[in-house]
Amino acid sequence: MRLGIDLTWMGEKPAGVGTMAGEVIDELKRRGDVKVVLFRSEAIGRGPLKHVRLARAIKTAKLDAFWQPGGWLPFFLPHELVTVQTVHDLISLDHPEWFPQRGLSRWWSHHVRVARAIHRADVVHAVSAWTGEAVRRWFPAVMSRIVVAHQGVTVPLVESTMPSGLDRPFVLMLGTVEPRKNIALACRAFGRFAAEYPKSHLVIAGKTGWKARASLAAIETLSTQFPGRVHRLEYVDESTKWALLKDASVLLMTSHAEGFGRPVIEAMSMGTPVIATATSAMNEIASDAAILVPEGDEQKITHALWRAIYHPTLPSKLVELGRQRAASFSIATMVDTILKTIERR
């Protein structure tokens, strides 16, 4: 099988989706029956004619199938080409107020880029059952084409490289600073916890995203309240990310919604306990291997921090359950599912 993979959407500093795409490519290259053809922006270029150039390159490559693992399927694909569209979430459709698009930009994103790609795809790959249900709700016509296949996580060899001035125990938040992550709530909850436990630190690692003013203000207020104990790291590379996950006392995810919640599995695979909001795909992914708290409940998040760090027996239990849970997610299984679905088309 000659399988094309579109990477023209990927920036210089890929986040979780980019990491997953890299793992998919590595897994496919290990298989002798698949020839992977990559389409990168360095060769295709950017700008308004990108889709025309990409369509020509795809036609020239004489592919059997084309997989879009991160962005949305490009325009002008050959009608006979089998296509796979991975959908990580449709949160921007449910809650456009959390995202930067407005007016014509929002209409184009929702009704042209997203809707067109999902309707064009022969296989609609949802990374969680929760995301699959969102696809069914928004695009019922493609219901029979939806395939749910969880991501896996490839764990590298990790060396501890604690940032200067950071001590354990520390709470880690990982991801783009944006409204959906509910960082202001996390700051308030940690503030209550930090007032009682003066050795605790908070690390917020991830690039500054859109509509971040309120989140950044909350971080600044907390930093003033607890000097030297709140650490704001912008984009971190893979080695630093994994080192933080390894050394953290607990991963905290207070998101309003996640289509998968990759840091949950990454933390569990490193033996780090997880606290997550009991909503969206985080229920599905974390299952009973994390402390799940009601969305928006500041007091219960504060108590969960104590349970995850200082409870006499729970932290070790969470480590064991987390490792078992993380082991049930496999990138090879996900790739197998997609390839078998392609072959049936």
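This text goes with the structure placed above it.
So, here's what we can say about the structure. This is a predicted model, so every value here is computed, not measured.

Cut-off values and rules
Residues numbered from 1 in each chain as written. Predicted model: local features only at pLDDT ≥ 70, side-chain atom pairs only at ≥ 80, totals over all residues. Heavy atoms only, no water. Helix = DSSP H or I, 4+ residues; strand = E, 2+ residues; numbered from the N terminus. Rg over C-alpha atoms; globule rule 2.2 N^0.38 Å. Buried < 20%, exposed > 50% of the residue type's maximum accessible area, 1.4 Å probe, protein only. Contact = heavy atoms within 4.5 Å. Pairing = 2+ DSSP bridges. Axes fitted to C-alpha atoms, helices over the stretch in contact; angles between N-to-C directions. Patch = residues over 30% accessible without salt bridge, like charges linked within 9 Å, V, L, I, M, F, W, Y side chains within 5 Å. Areas by Shrake-Rupley, 256 points an atom, 1.4 Å probe, with all protein chains shown as cover. Salt bridge = Lys/Arg side-chain N within 4 Å of Asp/Glu carboxyl O. Lys, Arg positive; Asp, Glu negative; His and termini not counted. Charge placed at Lys NZ, Arg CZ, Asp CG, Glu CD. Parallel < 35°, antiparallel > 145°, perpendicular 65-115°, else oblique. Core = buried A, V, L, I, M, F, W, Y, C linked by side-chain atoms within 4.5 Å. Expected span 1.5 Å × (residues − 1). 1 Å grid on protein atoms, 1.4 Å probe; cavity = no way out; pocket = protein on both sides within 12 Å on 5 of 7 lines; lining within 4 Å. Points joined across faces, edges and corners; volume = space filled by probe spheres on them.

## As for the overall build of the protein
- From N to C terminus, the protein includes 14 helices and 12 strands.
- A compact globule built from 345 residues would reach a C-alpha radius of gyration of about 20 Å, and the protein, at 21 Å, matches this within 12%.
- Based on the C-alpha atoms only, the size of the protein along its principal axes is roughly 65 × 45 × 35 Å.
- Taken across its 345 residues, the protein has 54% of its residues classed as buried.
- Within the protein, contacts between residues at least 6 apart in sequence are counted, and of these 71% link residues at least 24 apart.

## Focus: the sheet that holds strand 4 (residues 82-87)
- Strand order in the open sheet formed by 6 strands is 2-1-3-4-5-6, and the pairing between neighbours is parallel. Edge positions in the open sheet fall to strand 2 (35-39) and strand 6 (146-148), since each of these has one partner strand only. In this sheet, neighbouring strand axes are inclined to one another by 25 degrees on average, regardless of whether the strands run parallel or antiparallel.

## Thoughts on unusual backbone geometry
- Arg168 connects to Pro169 through a cis peptide bond whose omega is 5 degrees.
- Assignment of secondary structure puts Pro169 in the loop between strand 6 and strand 7 (170-174).
- Even without being glycine, Lys62 reaches a positive phi, approximately 50 degrees.
- Secondary-structure assignment places Lys62 in the loop between helix 3 (50-61) and strand 3 (65-68).
- Backbone geometry places Lys211, a non-glycine residue, at a positive phi of 45 degrees.
- Positionally, Lys211 belongs in the loop between strand 8 (201-205) and helix 8 (213-225).

## Regarding a nonpolar patch on the surface
- Judged by side-chain polarity, Leu104, Trp107 and Trp108 come together as a nonpolar surface patch covering roughly 380 Å² of accessible area.
- Turning to its location among the elements, Trp107 is positioned in helix 5 (residues 103-120).

## What about a positive patch on the surface?
- A surface patch of like charges, here positive, comprises Arg2, Lys29, Lys35 and Arg40.
- Along the chain, the position of Arg40 falls in the loop between strand 2 and helix 2 (41-44).

## Focus: the sheet that holds strand 10 (residues 250-253)
- The sheet built from 6 strands is open, its strands ordered 9-8-7-10-11-12 with parallel pairing. Two strands lie at the open edges of the sheet, namely strand 9 (230-233) and strand 12 (291-293), each paired on one side alone. Averaged over all pairs of adjacent strands, the angle between strand axes in this sheet comes to 20 degrees, irrespective of strand direction.
- Where strand 7 meets strand 10, 2 bridges bridge the pair, whose relative direction is parallel. By the bridge assignment, Leu172 is partnered in strand 10 with Leu251.
- Running at roughly 145 degrees to strand 9, helix 8 makes contact with strand 8 and strand 9 of the sheet.
- Along the sheet face, helix 9 (residues 238-247) touches strand 7, strand 8, strand 9 and strand 10 and points at about 140 degrees away from the line of strand 7.

## Points about the packing of helix 12 (residues 298-309) against helix 13 (residues 314-327)
- At their nearest, the axes of helix 12 and helix 13 sit 6 Å apart, and the two run at 85 degrees to each other. Our classification of the angle between helix 12 and helix 13 gives roughly perpendicular. Seen from helix 12, the contacting residues are Arg307, Ala308 and Ile309; seen from helix 13, they are Leu314, Pro315 and Leu318.

## A look at the nonpolar core
- Formed by 33 residues in total, the largest nonpolar core has its most connected members in Leu172, Leu245, Leu251, Val264, Ile265, Met268 and Val274.
- Taken together, the elements giving at least two residues each to this core come down to strand 7, strand 8, helix 9, strand 10, helix 10 (262-269), strand 11 (274-277) and helix 11 (280-286).
- Once you skip the residues sitting within four places of it in the chain, Leu245 turns out to touch Leu172, Leu174, Leu251, Pro263, Glu266, Ala267, Met270 and Thr272.
- Of all hydrophobic cores here, the second largest spans 31 residues; its members include Met173, Ala189, Val250 and Ala308.

## Examining helix 1 (residues 16-29)
- Under the 1.5 Å per step criterion, the end-to-end length of helix 1 is 20 Å for 14 residues, consistent within 8% with the ideal 20 Å.
- The complete set of buried residues in helix 1 reads Gly18, Thr19, Met20, Ala21, Glu23, Val24, Ile25, Glu27 and Leu28.
- On its buried face, helix 1 is in contact with strand 1 (2-6), strand 2, strand 3, helix 9, helix 10 and helix 14 (331-343).

## Points about empty space enclosed by the protein
- Tallied over the full model, the rule gives 2 cavities of 30 Å³ or more.
- Counted as a void, the largest cavity has a volume near 90 Å³.
- In this structure, the largest cavity is lined by Met173, Leu174, Gly175, Thr176, Lys181, Ile183, Ile204, Ala205, Leu252, Met253, Thr254 and Ser255.
- Secondary structure elements with two or more residues in the lining of the largest cavity: strand 7, strand 8 and strand 10.

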